[in-house]
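# Reading the structure
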Amino acid sequence: MDLNNYKRITVITGAGISAPSGLPTFRGKEDSLWNDVDFMNKSNIDYLRAHPEYIEEATGYWFKFRDMMKDVEPNPAHLALAKAEENHVMVIGTQNVDGLHQKAGSTAVHELHGSLFRCKCVYCDWGESYPEDWWDRNCPDCGGPMRSAAVMFGEQLPLQAVAYVEKAVINSDLVMYVGTSGQVYPVAGFVDVANGWGVPTILVNDEEWEHPHPGFNEKIFGPCEVILPELFGL
Ligand code: BJW
């Protein structure tokens, strides 16, 4: 595939793009975070609200993951997407909460699953998030405790990020998914949006999805840290 034919490229990324930096994925590998199924059920806002005693345990996990993220660097896949801005109009919609695209120098990054470097109230649904140092405070509105601003199951995604990415998908010449298992909606559904608007799509992942999506025009299976620099001719 010659990417020179595509000026506006929207890239949807997942945990697999940060794996070569040393971060664990959620699913599919021996060291994936969610090999423990119970943990997956607990990453749900309704569970957290129904079990306030779980907030402390969850916070411990978020802090551990956040501290791990502070020590890692972008890898050749992140750097290729940042460098590609020299020749393309690039928009990145990431499910990752690690900040590595921004660290690599990408300028249009939309955090679809929020951020571990911000916090928000466990109980308020209106979605405001606060800087990390607010974690010790109570919600200024309802007095509730704070939690990570990473989006849990059963919660709306940050609406502005979703709106930007959906608009970018519709107006792109190419939509590329990189390093995601495609199991989590609504992000997995952007490929359907692209299909509906006739925008070509490509998947770059180290393996086929458990539920393969028929809507990709091309699929390249292999390590994204090798494939992306090659695709962008770097
Ligand atoms: C490499 C590589 C290398 C490795 N090179 N590749 C029934 C049907 C459909 C949808 C639903 C349903 N029931 C409920 C829903 C909606 C739900 C959902 O999608 N559930 C599905 C699981 C069924 N979604 C939501 O709830 C979302 N909100 C929402 O829909 O709002 C509307 C709503 C409101 C109220 C009620 C109902 C709906 C919110 C989703 C939030 C996701 N949050 C998480 C966790 C946050 C942090 C935490 O709590 O700890 O975000 S889940 C987790 O998965 C994380 C990730 O961002 C997300 C996606 O994972 P990702 O990035 O794809 O990682 P992996 O590990 O799965 O895959 C990595 C891939 O890379 C693998 O394929 C590897 O092989 C590959 N790889 N190394 C290339 N070097």
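Figured I'd write up the structure that's included with this text.

So, about the pairing of strand 2 (residues 89–94). Taken across its 6 residues, strand 2 has 5 buried, putting it largely inside the fold. Here strand 1 (residues 8–13) pairs with strand 2 via 6 bridges, running parallel. Counted as the bridge partner of Ile12 is Gly93 from strand 2.

Right, let's get into the site of the ligand. As a matter of local geometry, the ligand sits amid 36 residues, with Arg27, Ser43, Thr180, Ser181 and Asp206 nearest to it. Between the ligand and the protein, one listed contact pairs an oxygen atom with a backbone N or O atom of Phe26 at 2.7 Å. One nitrogen or oxygen atom from the main chain of Tyr185 is found 2.7 Å from an oxygen atom belonging to the ligand. Bound to the protein, the ligand loses 77% of the 1,500 Å² it would expose on its own. Mapped by element, the contributors of at least two residues to the shell around the ligand are helix 3 (54–70) and helix 8 (224–231). Counted by class, the shell around the ligand contains 16 nonpolar, 14 polar and 6 charged residues.

The next thing to look at is the pairing of strand 8 (residues 201–205). Counting buried positions along strand 8 gives 5 out of 5 residues, so the element sits mostly inside the fold. Alternating residues of strand 8 divide into Thr201, Leu203 and Asn205 and Ile202 and Val204, and every residue in both groups is buried. For strand 7 (residues 174–178) and strand 8, the ladder comprises 4 bridges, and the chain directions are parallel. What sits directly across from Met176, in strand 8, is Ile202. For the handedness criterion, the β-α-β arrangement of strand 7, helix 7 (residues 190–196) and strand 8 is classed as right-handed. Note that strand 8 and strand 9 (residues 218–221) share 4 bridges and pair parallel. Within the sheet, the bridge partner assigned to Asn205 lies in strand 9 and is Phe221.

Attention now moves to helix 3. An ideal rise of 1.5 Å per residue puts 24 Å on 17 residues; helix 3 measures up with 25 Å between its terminal C-alpha atoms. Along helix 3, the positions that sit buried rather than exposed are Tyr54, Ile55, Ala58, Thr59, Trp62, Phe65, Arg66 and Met69. One face of helix 3 carries all of its buried residues, which in axial projection span an arc of 130°. Turned more than 90 degrees from where helix 3 packs its buried face, Glu56, Glu57 and Lys64 sit exposed. Considering only its buried residues, helix 3 is in contact with helix 1 (37–42), helix 2 (45–50), strand 4 (114–121) and strand 6 (146–150).

A few words on helix 6 (residues 159–171). The end-to-end C-alpha distance of helix 6 is 18 Å, a good match for the 18 Å that 13 residues give at a rise of 1.5 Å each. Taken as a whole, helix 6 has its buried residues at Ala161, Val162, Val165, Ala168 and Val169. Considered in projection along helix 6, the buried side chains sweep an arc of 135° and stay on one side of the axis. Summarising the geometry of helix 6, the exposed residues directed more than 90 degrees from the buried face are Leu159, Gln160 and Lys167. Each element contacted by the buried residues of helix 6 is listed here: strand 1, strand 2, strand 3 (109–111), strand 7 and helix 7.

Turning our eyes to something else, we now look at the nonpolar core. Counting residues in each nonpolar core, the largest one holds 25 residues, and the members touching the most others are Leu48, Trp62, Met69, Leu116 and Met146. Breaking this core down by element, the ones donating at least two residues are helix 2, helix 3, strand 4 and strand 6. It is helix 3 that contributes the most residues to this core, 6 residues altogether. With residues near it in sequence (within four places) discarded, Met69 still touches Leu23, Val97, Asp98, Leu116 and Phe117. Ranked by size, the runner-up nonpolar core spans 21 residues in total, among them Leu3, Ile202, Leu231 and Phe232.

Attention now moves to the pattern of salt bridges. A side chain with one charge can pair with a side chain of the opposite charge if their charged atoms come near. Within the structure shown, the criterion is met by 14 salt bridges. The salt bridge involving Glu57 is made with Lys42; its shortest N-O contact spans 4.0 Å. Of this pair, Glu57 sits in helix 3 while Lys42 sits in helix 1, and the two are 15 residues apart along the sequence. Connected via shared salt-bridge partners are Arg66, Asp67, Lys70 and Glu132.

All right, on to the sheet that holds strand 3 then. Taken in spatial order, the 6 strands of this open sheet run 3-2-1-7-8-9, and their pairing is parallel. In this open sheet, the two edge strands, each paired with only one partner strand, are strand 3 and strand 9. In this sheet, adjacent strand axes meet at a mean angle of 15° when their direction is disregarded.

Scoring rules and cut-offs
Residues numbered from 1 in each chain as written. Predicted model: local features only at pLDDT ≥ 70, side-chain atom pairs only at ≥ 80, totals over all residues. Heavy atoms only, no water. Buried < 20%, exposed > 50% of the residue type's maximum accessible area, 1.4 Å probe, protein only. Helix = DSSP H or I, 4+ residues; strand = E, 2+ residues; numbered from the N terminus. Pairing = 2+ DSSP bridges. Near = heavy atom within 4 Å. Polar contact = N/O pair within 3.5 Å; in protein donor to acceptor, adjacent residues only side chain to side chain. Areas by Shrake-Rupley, 256 points an atom, 1.4 Å probe, with all protein chains shown as cover. Nonpolar A, V, L, I, M, F, W, Y, C, P; charged D, E, K, R; others polar. Right-handed = clockwise from strand over helix to strand, strands pointing away. Expected span 1.5 Å × (residues − 1). Arc of directions from axis to C-beta. Contact = heavy atoms within 4.5 Å. Core = buried A, V, L, I, M, F, W, Y, C linked by side-chain atoms within 4.5 Å. Salt bridge = Lys/Arg side-chain N within 4 Å of Asp/Glu carboxyl O. Axes fitted to C-alpha atoms, helices over the stretch in contact; angles between N-to-C directions.

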